[in-house]
Amino acid sequence: MRTIYPKMLVDSPLGIEISFLATHKIDTVFIDVDNTLLAPRERLSSDELKTWINRVKAQGIRVFLVSNNTSKRISDLSRDLEVEGLPRAYKPFVFRIKRFIRKHQVDASTCCFIGDQLFTDMWAAYRLGMMGIMVNQISPKDYFYTRWIRKIEQWVLRQGGLR
């Protein structure tokens, strides 16, 4: 039975083994940006992150950034990581992501979505039919509207035995 709960919880995207993706026949990875790859308001990625992204791409797995953030922030990071990005995705709504998926001829059943929030990233993954992998948030700093949602998410994760 599919649920909103993630398939796996890890500290960071860097903790996701490429072999795990291959074992689950994942050929496309969608990754959230804020507090998943970068702390809020941080602009450029670390060498460690670039190396991990390049290892994923070297295995023939496509990587896309998906964020509710602005076009400028996502285009800067996309250029830095040499991947394509979708800004203003309006997660957990999926209409923009579905359009992006059609444009890039992606099969959602062979995708995973990596993110740090249950009610945006994992819910979008669930609604799209993708595997969800949840990571711990990078920074304790959050946008004001995200702070209270995280408290509810932690309670829901505890109820599901995931925290």
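Residues numbered from 1 in each chain as written. Predicted model: local features only at pLDDT ≥ 70, side-chain atom pairs only at ≥ 80, totals over all residues. Heavy atoms only, no water.

**So, the packing of aromatic side chains**
To be explicit about the condition: Each aromatic pair joins two rings of Phe, Tyr and Trp (for Trp, the six-membered one) with centres within 6.5 Å, and gets the label stacked for planes under 30 degrees apart, edge-to-face for over 60, and tilted for any other angle.
Tallied over the entire structure, the rule returns five aromatic pairs. Taken together, a centroid distance of 6.1 Å and an interplanar angle of 15° make the contact between Tyr90 and Phe95 stacked. Here the aromatic cluster, defined as three or more aromatic residues joined through ring pairs, consists of Phe30, Phe64, Phe100 and Phe113.

**Quick look at unusual backbone geometry**
As a reminder, the rule being used: A helix here means a DSSP run of H or I that spans at least four residues, while a strand means a run of E at least two residues long, and both kinds are numbered starting from the N terminus. Burial here depends on accessible area, computed with a 1.4 Å probe over protein chains only, as a share of the maximum for the residue type. Under 20% is buried, over 50% is exposed, and the range in between is partly exposed.
Of the consecutive residues Lys91 and Pro92, the connecting peptide bond is found in the cis state with omega at 15°. Tracing the sequence through the fold places Pro92 in the loop between β4 (84-86) and α4 (95-103). Even without being glycine, Lys25 reaches a positive phi, approximately 55°. Within the secondary structure, Lys25 is located in the loop between α1 (18-23) and β2 (28-31). Owing to a relative accessible area of 64%, Lys25 belongs among the exposed residues under this scheme. Positive phi, close to 50°, is recorded for Gln105, a residue that is not glycine. Following the sequence through the fold, Gln105 ends up in the loop between α4 and β5 (111-115). On the basis of relative accessible area, Gln105 is assigned to the exposed category, the value being 72%.

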